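Breakdown of the fold
The chain contents come next:
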Amino acid sequence: GLAIGRSLAALAGDRQVLCVTHLAQVAAAATAQLVVTKRELAGRTVGSVELALDDARLSELARMLGGTDSDSARRHAQELLDGAPARSAS
């Protein structure tokens with residue numbers, strides 16, 4: 001997952017890359033992380049997309065790593081973010 005994340009980050013240096021993943025190692029390498037969810041509302045399935053920023057991103061990466069937002073998963077998520085390829089503001 002780490003190697004894929006690094007490769008995608010390098011590819012995104014001069015183009016836009018959209019990647020759907022369940023791997024926190026890949027998601028941590030992204031410039032921006034969107035969280036896609038679906039739920040039932042009044043008998044209908046409704047999808048939503050939210051930009052995960054700051055603590056919400058850390059929580060989502062932790063959830064992706066271990067299914068829960070535990071302290072150990074958050075530490076691991078922070079390590080992934082700290083070690084991710086340099087992000088540009090493009």
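Figured I'd write up the structure that's included with this text. Values in this document were obtained by computation on a predicted structure and should not be read as measured data.

In this fold, Ala62 is placed in helix H3 (residues 54-66). Residue classification places Ala62 among the buried positions, given a relative accessible area of 0%. Each C-alpha atom of the pair Ala62 and Lys38 lies 19 Å from the other, and the pair is 24 residues apart in sequence. If we ignore the near neighbours within four places in the chain, the residues touching Ala62 are Gly67, Thr68, Asp69, Ala73, Arg74 and Ala77.

It is worth spelling out the environment of Arg44 at this point. Relative to the helices and strands, Arg44 resides in strand S2 (residues 44-52). Taking the C-alpha atoms as reference, Arg44 lies 29 Å from Ala27; in sequence the two are 17 residues apart.

On to the nonpolar core, then. Among the nonpolar cores identified, the biggest contains eleven residues, and these are Ala24, Ala27, Ala28, Leu58, Leu61, Ala62, Met64, Ala73, Ala77, Leu80 and Leu81. Those elements giving two or more residues to this core turn out to be helix H2 (24-27), H3 and helix H4 (71-83).

Turning to a nonpolar patch on the surface, a few remarks are in order. A cluster of nonpolar side chains, Leu34, Val36, Val49, Leu51 and Leu53, forms an exposed patch at the surface whose accessible area comes to about 500 Å². Elements with a minimum of two residues in the nonpolar patch: strand S1 (33-41) and S2. Note that Val49 resides in strand S2. Residue class for Val49 comes out exposed when judged on its relative accessible area of 54%.

Conventions adopted
- Residues numbered from 1 in each chain as written.
- Predicted model: local features only at pLDDT ≥ 70, side-chain atom pairs only at ≥ 80, totals over all residues.
- Heavy atoms only, no water.
- Helix = DSSP H or I, 4+ residues; strand = E, 2+ residues; numbered from the N terminus.
- Buried < 20%, exposed > 50% of the residue type's maximum accessible area, 1.4 Å probe, protein only.
- Contact = heavy atoms within 4.5 Å.
- Core = buried A, V, L, I, M, F, W, Y, C linked by side-chain atoms within 4.5 Å.
- Patch = residues over 30% accessible without salt bridge, like charges linked within 9 Å, V, L, I, M, F, W, Y side chains within 5 Å.
- Areas by Shrake-Rupley, 256 points an atom, 1.4 Å probe, with all protein chains shown as cover.
- Salt bridge = Lys/Arg side-chain N within 4 Å of Asp/Glu carboxyl O.

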